[in-house]
Amino acid sequence: MRMRPTQLTAFLSLLLLVRTGAAAQAAPDLQQMQQELRQLKAQLAEMARLKQQVQALETQINQLEQSQAKSRPDASARQEQPPKKEKRLKLGGAIRFNYFYKNYDTAVKAKHGQSGLDLFRINADGGYRNWLFSAEYRWYPYMQTIHHGWIGYKFNDHSQLQAGITKVPFGLLPYAAHNYWFGVPYYVGLADNYDTGVKYLRTSGPWDLRLAFFKNGELGDSSNLDRYSFDVVSVGPGKNEQTNQFNARLAYTFGRDTSCSNEVGASLLRGSLYSLDTGKNGSHWAAAAHLDSRCGRWNVQLEAARYHFSPRNPAGVSDRTVRLGAFATSYDVASAGTLGVFNVAYNLPVHWQSIDQITCYNDYKSQLNTTGCAIGIGPLFTYIDIIRANNMVFLGNGSLAGGGDQGWNTRFNINVGYYF
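Small disclaimer: the values here were computed from a predicted structure and weren't measured.

Engineer: Tell me what's going on with the nonpolar core, and back it up with residues and numbers.
Structural biologist: Counting 50 residues, the largest nonpolar core has Tyr187, Leu190, Tyr331, Met392 and Leu400 as the members making the most contacts within it. Apart from residues lying up to four places away in sequence, Tyr331 is in contact with Tyr187, Phe230, Val322, Arg323, Leu324, Val393, Phe394 and Leu400.

Next comes the structure, spelled out in structure tokens:
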């Protein structure tokens, strides 16, 4: 502790008063008083020397503080700068196996079902300061492809920008289904779809706004069928590809952060449909309204959507259908259509220590009905589904372009995945 000159003076005065009071109470002794006076003078001389040392030290300290202040940022500026964040990286993945039985496949029926590897995937998520990134790559027995990959910037706690292969903001999010097989919106490119572009996301209380521009599909090659998302592909007659697509999605949640929340929203997309045969641009658009209700253990999803493709095909090629493709295959879809979604799920109370979650559901999407349960046990996640469909692709000889098999077909499916 440093003692300033004024403090030294006060200390000496106090010392003199104490000693004077003591002397007044004692019997007067001249020699003793003279001795005490000599001692006090000696102490005053010592304190004067100490005072000079204190002043010299204070001068040196002030000079050092001033020189250091010039070489570092101002304290107020340091407080305004956000604290530095370390790099964040999380690696994960999954391996999934599938068993299925089809009542419309003679060979599978004779073997009482069939099983095998479904997929193996690796994903990475992380960031640095306000920068974010996310990527996932998948291997299937018949193909390998990127699922998504984007770089983002977080402006604040409520908005961010993503650039790269990112999810198209449309309809029910993150999924328009509870089951493993999804539903009709996915197979016409209106659910869980990823394209290459730029997306802006902002939340403000109960409001959720998403705006995006997508230059083209996720691969930049409309002839490549080794892809995850269903897009218009340049395969077969009428070679077209999606380009320059704008998306807008706005949603509002009633009862946000309560045990019963209800999100209502609307989505719109519009883009070009470029013909590789004619070199002309057609167009495509889609619109949807949705409700996602989560009350207690119940979840109800409703969606109504309308889409329309207007290709500029060469003479002799019908404009009534367009070709969509993914998963190493392609098929025709009606150029215009209306979709309805009605999904309901219930999260059962679990009384077994080894089981973390059991959610049972019934998902209906325009002549595709899936009844099943999802079971979570630590890193294991299992879907058990009974899929019933009328005139649906991948289920018998169904078609999304009209015609096809008008009967109902059934597929029993078990998918087991280990996530790490």
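Engineer: Just give me the short version of the state of the cysteines, but keep the residues and values in it.
Structural biologist: Within the structure shown, the criterion is met by two disulfides. Covalent S-S linkage joins Cys260 and Cys295, the inter-sulfur distance amounting to 1.8 Å. Around the S-S axis, the bridge from Cys260 to Cys295 shows a dihedral of about 45° and counts as right-handed. Remark: Cys295 occurs in strand E11 (residues 281–295) and Cys260 occurs in strand E10 (residues 260–275); sequence separation between them is 35 residues. A relative accessible area of 24% means that Cys295 is categorised as partly exposed. Residue pairing for Cys360: its cysteine sulfur links by disulfide to Cys373, the two sulfurs lying 2.0 Å apart. Judged by the sign of its S-S torsion, about 100°, the cystine formed by Cys360 and Cys373 is right-handed. Placement of Cys360 in strand E16 (residues 357–365) and of Cys373 in strand E17 (residues 368–377) is noted, with a sequence separation of 13 residues between them.

Engineer: Outline the pattern of salt bridges, supporting the account with residue identities and numerical values.
Structural biologist: For the structure shown, the criterion picks out 13 salt bridges. In this structure, Arg121 and Glu136 form a salt bridge, with 3.9 Å as the shortest nitrogen-oxygen distance. One end of the pair, Arg121, is in strand E2 (residues 114–128); the other, Glu136, is in strand E3 (residues 131–140), and 15 residues separate them in sequence. In this structure Arg121 comes out as buried when scored by relative accessible area, which is 14%. The residue Arg294 makes a salt bridge to Asp292 at a minimum N-O spacing of 3.4 Å. For Arg294, a relative accessible area of 40% corresponds to the partly exposed category. Each of Asp208, Arg210, Arg249 and Glu263 takes part in salt bridges that share partners, so that together they form one network.

The rules behind each value
Residues numbered from 1 in each chain as written. Predicted model: local features only at pLDDT ≥ 70, side-chain atom pairs only at ≥ 80, totals over all residues. Heavy atoms only, no water. Core = buried A, V, L, I, M, F, W, Y, C linked by side-chain atoms within 4.5 Å. Buried < 20%, exposed > 50% of the residue type's maximum accessible area, 1.4 Å probe, protein only. Contact = heavy atoms within 4.5 Å. Disulfide = S-S within 2.5 Å. Helix = DSSP H or I, 4+ residues; strand = E, 2+ residues; numbered from the N terminus. Salt bridge = Lys/Arg side-chain N within 4 Å of Asp/Glu carboxyl O.

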